[in-house]
There are 2 protein chains.
Amino acid sequence: MTRREPLNREKVLDAALALAAEEGLKGLSMRKLAKTLGVEAMALYNHVRNKTDILDGIAERVYSGIERADPDSPWPERVRVTVLNTYRALAAHPVVPMALATDEANPNSLQALLPLDDLVGALYEAGFDDDGIRPTLGALNSLVFGSLLLTTVGFTKARKGEAEREQDERFLRRIDPAVLPNFSRAIPALQAHDPEPDFMRALDLLISGLVAAAASGPGTAWPLRGPARRRRDRRPGSV
Amino acid sequence: MTRREPLNREKVLDAALALAAEEGLKGLSMRKLAKTLGVEAMALYNHVRNKTDILDGIAERVYSGIERADPDSPWPERVRVTVLNTYRALAAHPVVPMALATDEANPNSLQALLPLDDLVGALYEAGFDDDGIRPTLGALNSLVFGSLLLTTVGFTKARKGEAEREQDERFLRRIDPAVLPNFSRAIPALQAHDPEPDFMRALDLLISGLVAAAASGPGTAWPLRGPARRRRDRRPGSV
DNA sequence: ACCTGAACACCGTTCAAGT
DNA sequence: ACCTGAACACCGTTCAAGT
């Protein structure tokens, strides 16, 4: 198989994204990737520093594809749209959140921070101060990553999955309603659904919490506070 | 080095937890694990089915160490304490959320589902119906996993970290306040903090959203709904 | 019953060598 | 300038062999 044009970084990243979509993060190896490009593994190192560089590259690509929200919309809507668009971009390429979570990739382009900047701006406008920004942003980011990882999990095996699914079935049948009364009642409702609508509802739940916190102003921004295992009537000074 | 007593499953799991705490999920290999036990890698297979079995085993251990909430406390407090205790148990052993996220482990003991059962019970009591349980539980789970993964990330490198930290510094200095005005303003506030208090505040934010949704009753439980990218003046079914 | 050595099929990466 | 082959230091796991 002769190749007219030589390889380049963009072609390597294209192929990496395609291979990862097929086989997941584990299946994305330098050797297999090279094979899809009709080349030996070592040839890749002429166009890419190492595997981390590839993962950083695809993360950067996916991040820069995030649509930005209308800057004139009210802040809760801006939060909602920014976070949802981030979710959508990452959900389309599950390798990226996976690689970020395992620290195999790191977001390292400034452009990728634009949606984050929008988010921070919306939160400032909502009235959160510097100390409220951090946990609030953390909540939004965690929701995105957590949702992606929990629903994306096993997406590699998902297609092989005959035996897997049967094992899950067996596990569910072993559940004793006497020991797990609530969970066993919820099992039918917890079966696989389209993850995006569920994410949207979860996000709205969180945003309604943000709205309540913003409305109550500083000092009372976090209801329901108190140390975890001790009862306390006083609420130690928040924000 | 002579050993009086032979190995057993519990000792293997102990050593695995210890090695993973030192070296992270990547550092936990069968060969290295065997070495810490003064044995060859292949000896482990007499006590454990394979590596997945080890990861399942430590996940099960950590999960069964989750303290349960007082069943007589009001439902929002029960949600808060259950989720917080889950967070704490997993935060003490970051390999576990990591292994679950990468699908290298799967929770497969019924006992591990007890906290989840408590959570579902609290949500039913709050008035969520079957269709509301799923996204609500998803939001709580996602918050826990997302928070753990985002703050745990790089915990392996964290101790090596001189060069790493310097690189982060350089990245932050490259940020142009003209292009990322909000984010650059927030940088000081976003610097590393103790993650647990931030998690608690994020959780309280979400719970206040749950309380609002529960109070508004079925049918209007999710404020701020509406399609993502279209502007809308009307807000369907707000609280 | 428990452990080991050699082997197989994989990894990422380096280095000298080819064109 | 770009690619390759051989090699190094790793993986998880199987299998026959040792005690």
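My aim in this report is to walk through the structure given alongside it, one point at a time. No experiment lies behind these values; they were computed from the predicted model shown.

Calculation criteria
- Residues numbered from 1 in each chain as written.
- Chains lettered and ligands numbered in written order.
- Predicted model: local features only at pLDDT ≥ 70, side-chain atom pairs only at ≥ 80, totals over all residues.
- Heavy atoms only, no water.
- Contact = heavy atoms within 4.5 Å.
- Buried area = accessible area lost by both parts, 1.4 Å probe.
- Salt bridge = Lys/Arg side-chain N within 4 Å of Asp/Glu carboxyl O.
- Helix = DSSP H or I, 4+ residues; strand = E, 2+ residues; numbered from the N terminus.
- Least-squares fit on C-alpha atoms with pLDDT ≥ 70 in both.
- Near = heavy atom within 4 Å.
- Polar contact = N/O pair within 3.5 Å; in protein donor to acceptor, adjacent residues only side chain to side chain.
- Nonpolar A, V, L, I, M, F, W, Y, C, P; charged D, E, K, R; others polar.

Chain A puts 87 residues into the contact, and the matching count from chain B is 86 residues. Here chain A meets chain B over a buried area of about 7,300 Å², counting both sides, of which 61% is carbon and sulfur. Summed over the shared surface of chain A and chain B, the result is 6 salt bridges. The shortest N-O distance in the salt bridge between B:Arg201 and A:Asp131 comes to 3.5 Å. For the side of chain A that touches chain B, the secondary-structure elements that each account for two or more residues are helix H4 (75-91), helix H5 (95-101), helix H6 (114-126), helix H7 (130-152), helix H10 (181-190) and helix H11 (195-216) of chain A. If one sorts the elements of the side of chain A that touches chain B by residue count, H7(A) sits on top with 17 residues.

Right, let's get into the relation of the copies chain A and chain B. Overlaying chain A on chain B yields an RMSD of 0.0 Å, the required transformation being a rotation through 180 degrees with an accompanying axial translation of 0.0 Å. The transformation relating the two chain copies, once decomposed into turn and shift, fits a two-fold axis.

Our focus in this paragraph is the protein's contact with DNA strand D. Neighbouring DNA strand D are 19 residues, the closest being A:Glu40, A:Asn46, A:His47, B:Met30 and B:Arg31. Restricting attention to atoms of DNA strand D within 4 Å of the protein, one finds that 51% of them are sugar or phosphate atoms. Within the backbone of B:Lys51, an N or O atom sits 3.0 Å from a phosphate oxygen of DNA strand D. The leading source of residues in the surface near DNA strand D is helix H2 (residues 30-36) of chain B, at 3 residues. Class assignment of the residues belonging to the surface near DNA strand D gives a composition of 9 nonpolar, 4 polar and 6 charged.

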